[in-house]
Amino acid sequence: MEERFDDSRYHCVDPEFQDAITRYSAEVRAVGRADHRAGQLKVERSMRNIVVTGGAGFIGSNFVRWVMERDDSVLITVLDALTHAGNIHSLDGLDGERLNFVHGDICDGNLVRELLASADACVHFAAQTHNDLSIASPDEFVRTNVEGTFALLEAVREAGIRFHHVSTDEVFGELPLDSSERFTEESPYRPSSPYSSTKASADMLVRAWVRTYGIRATISNCSNNYGPYQHVEKFIPRQITNILTGRRPQLYGDGRNVRDWIHVDDHSSAVWAILQEGEIGETYLIGAEGERSNIEILQMILAEFGLPRDAFDIVADRPGHDKRYAVDASKIMQTLGWRPTHTDFEAGLRETIAWYRDNIDWWKEEKEEAEQRYRSLANDRRRNREQDCWHRT
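Here goes a summary of the coordinates provided. Given the structure is predicted, the values throughout are model-derived calculations rather than measurements. (Residues numbered from 1 in each chain as written. Predicted model: local features only at pLDDT ≥ 70, side-chain atom pairs only at ≥ 80, totals over all residues. Heavy atoms only, no water.)

This part is about the overall build of the protein. Across its full length, the protein holds twelve helices and twelve strands. Burial statistics for the protein: of 393 residues in total, 55% are counted as buried. Of the contacts formed within the protein by residues at least 6 apart in sequence, a portion of 83% connects residues at least 24 apart. When the accessible surface of the protein is totalled, it reaches about 17100 Å², and 46% of it is carbon and sulfur. (Helix = DSSP H or I, 4+ residues; strand = E, 2+ residues; numbered from the N terminus. Buried < 20%, exposed > 50% of the residue type's maximum accessible area, 1.4 Å probe, protein only. Contact = heavy atoms within 4.5 Å. Areas by Shrake-Rupley, 256 points an atom, 1.4 Å probe, with all protein chains shown as cover.)

Structure below.
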């Protein structure tokens, strides 16, 4: 039986673990609060003690696993508020001697200052990320994505440590469906939703803190991720778990919206490369040339289950649904030598389907709650449309 991660002490910082971090930090803290100019230096200090915000979420937990499985000298502290998309069991089976979990909020300035004071680096995944929920409750997204990032930047400035901010390609807005254009690091910001606008705001804060205060930070904007441990409210796991629970998959609008998909392990390896070798003050786009339309992916999932290609329901589209995302990742490939390894999307999707089929206990309790949220959002949209029609008559 798989060993379960010990969450009995996640309410506080473990003293022994914190002592170990302090000892290691004393050995490697060769660079303190230096007045670095953006773009002049590369990472020079050892990174053995890393704080990962949002490390119980989908991408964060996969990053923690990826690093711990490849470098046994790294100690990781995960800071996570365990909102609905965070799951402590995403860290099950990892080495408790090298992993400490802290249940807390990135907006808690005192807490983040305490955690970062003895760290070598902070990788910032924590965010509210669901577009539909951002439309219904934008205040939560402003608080976490903007105010939380601000709290971390101030703690980083005080501690003088390395900081990497994980962002999204959605800050660039949408691309035409009939275009070959891709986002680059020079693309203008045109966010379309409360979610993407708050992530864009966080990106701007990071850039300002690099330029004004000289913090040693980098930014990455990644395309859509897929793989294990993703919450069932997201597109791919929602369709898979709908089928596994006897529900019909649901597709927004005509399903022609295109996303540029990357396996979460490739995202993790890219973030690690940036953390180790990235140039301070620089932004790196991460993608794997995995453009697929939503209807194409849904039909691939149906085929894997032996179901007809039309065995799904069309539902009303969400407001401001971006048509297409596509990322040009040539900069990180050329400057850091990074390459994605999960380049066979069909194989990766089959593995992801198998993971959800084999790990029902991980997601089953969240499924009904997620579907209830979708029903509530659909009802709210219907009422808003009816009110708009009434006001226009």
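So, about the side chain of Asn224. Counting through the fold element by element, Asn224 comes out in strand E7 (residues 224-226). Excluding anything up to four places from it in sequence, Asn224 contacts Asp169, Arg259, Asp260, Trp261, Ile262 and Tyr325.

Taken in spatial order, the seven strands of this open sheet run E3-E2-E1-E4-E5-E6-E10, and their pairing is parallel. Each edge of the open sheet carries a strand with a single partner, namely strand E3 (99-103) and strand E10 (283-286). Across this sheet, the average inter-strand angle for adjacent strands is 20°, counted without regard to direction. On top of the sheet, helix H2 (residues 58-70) reaches strand E1 (49-53), strand E2 (75-80), E3 and strand E4 (121-124); it is set at about 175° to E2, its chief contact. Across the sheet, helix H6 (residues 194-213) touches strand E5 (162-168), strand E6 (216-222) and E10, and the angle it forms with E5 is around 155°. (Pairing = 2+ DSSP bridges. Axes fitted to C-alpha atoms, helices over the stretch in contact; angles between N-to-C directions.)

In this section: H2. In this model, H2 (13 residues) spans 19 Å end to end at C-alpha, consistent with the 18 Å of a helix rising 1.5 Å per residue. Of all 13 residues in H2, ten are buried, a share of seventy percent or more. Buried residues of H2: Phe58, Gly60, Ser61, Asn62, Phe63, Val64, Arg65, Trp66, Val67 and Met68, and no others. Packing partners of the buried residues in H2 comprise E1, E2, E3, E4, E7 and helix H8 (264-277). (Expected span 1.5 Å × (residues − 1).)

This next bit is on unusual backbone geometry. A negative phi angle is the norm for most residues apart from glycine, just as the trans form is the norm for most peptide bonds. Its identity as a non-glycine residue notwithstanding, Tyr229 has a phi of 70°, on the positive side. Structurally, Tyr229 is set in the loop between E7 and helix H7 (235-244). A relative accessible area of 13% means that Tyr229 is categorised as buried. The phi torsion at Glu289 lies on the positive side, around 55°, for a residue other than glycine. Secondary-structure assignment places Glu289 in the loop between E10 and strand E11 (291-293).

Moving on: the nonpolar core. In terms of nonpolar packing, the biggest core is built from 44 residues, with Val64, Ile76, Ile286 and Ile332 touching the most fellow members. Mapped by element, the contributors of at least two residues to this core are E1, H2, E2, E3, E4, H8, E10 and helix H10 (330-336). (Core = buried A, V, L, I, M, F, W, Y, C linked by side-chain atoms within 4.5 Å.)

With that settled, the discussion passes to the environment of Arg247. Tracing the sequence through the fold places Arg247 in the loop between H7 and strand E8 (250-252). Residues Arg247 and Phe312, 65 residues apart in the sequence, show an inter-C-alpha distance of 9.2 Å. Apart from residues lying up to four places away in sequence, Arg247 is in contact with Asn242, Lys367, Glu368 and Glu371. A distance of 2.7 Å separates the side chain of Arg247 from the side chain of Glu368, its partner in a polar contact. (Polar contact = N/O pair within 3.5 Å; in protein donor to acceptor, adjacent residues only side chain to side chain.)

Bringing the packing of aromatic side chains into the picture now. Taken as a whole and judged by the stated rule, the model has twelve aromatic pairs. Among the aromatic residues, those joined into a cluster by ring pairs are Phe172, Phe183, Tyr189 and Tyr325. Above the ring of Tyr213, the side-chain terminus of Arg157 is found at 3.8 Å from the ring centroid. Over the ring of Tyr284 we find Lys331, and its NZ or CZ is 4.9 Å from the ring centre. (Phe/Tyr/Trp six-rings, centres within 6.5 Å; stacked < 30°, edge-to-face > 60°. Lys NZ or Arg CZ within 6 Å of the ring centre and 35° of its normal.)

Attention now goes to H7. In terms of burial, H7 is largely enclosed, as eight of its ten residues are buried. Every buried residue of H7 is listed here: Ile236, Pro237, Arg238, Gln239, Ile240, Thr241, Asn242 and Ile243. Once H7 ends, the next one or two residues include Gly246, with phi positive near 80°.

Its location among the elements puts Ile314 in strand E12 (residues 313-315). Residues Ile314 and Gly253, spaced 61 residues apart in sequence, show a C-alpha to C-alpha distance of 6.2 Å. Excluding anything up to four places from it in sequence, Ile314 contacts Leu251 and Gly253.

Attention now moves to the pairing of E3. Most of E3 is tucked away, with four of its five residues classed as buried. As paired elements, E2 and E3 share five bridges and run parallel to each other. Counted as the bridge partner of Thr77 is Asn100 from E3.

Attention shifts here to the sheet that holds strand E9 (residues 258-263). Read from one edge of the open sheet, three strands run E7-E9-E11, paired in mixed fashion. Each edge of the open sheet is held by one strand with a lone partner, namely E7 and E11. Looking at each pair of strands side by side, their axes are set apart by 50° on average, direction ignored. Taken together, the three bridges between E7 and E9 define a ladder with parallel strand orientation. Its bridge partner being in E9, Asn224 is matched across the sheet by Trp261.

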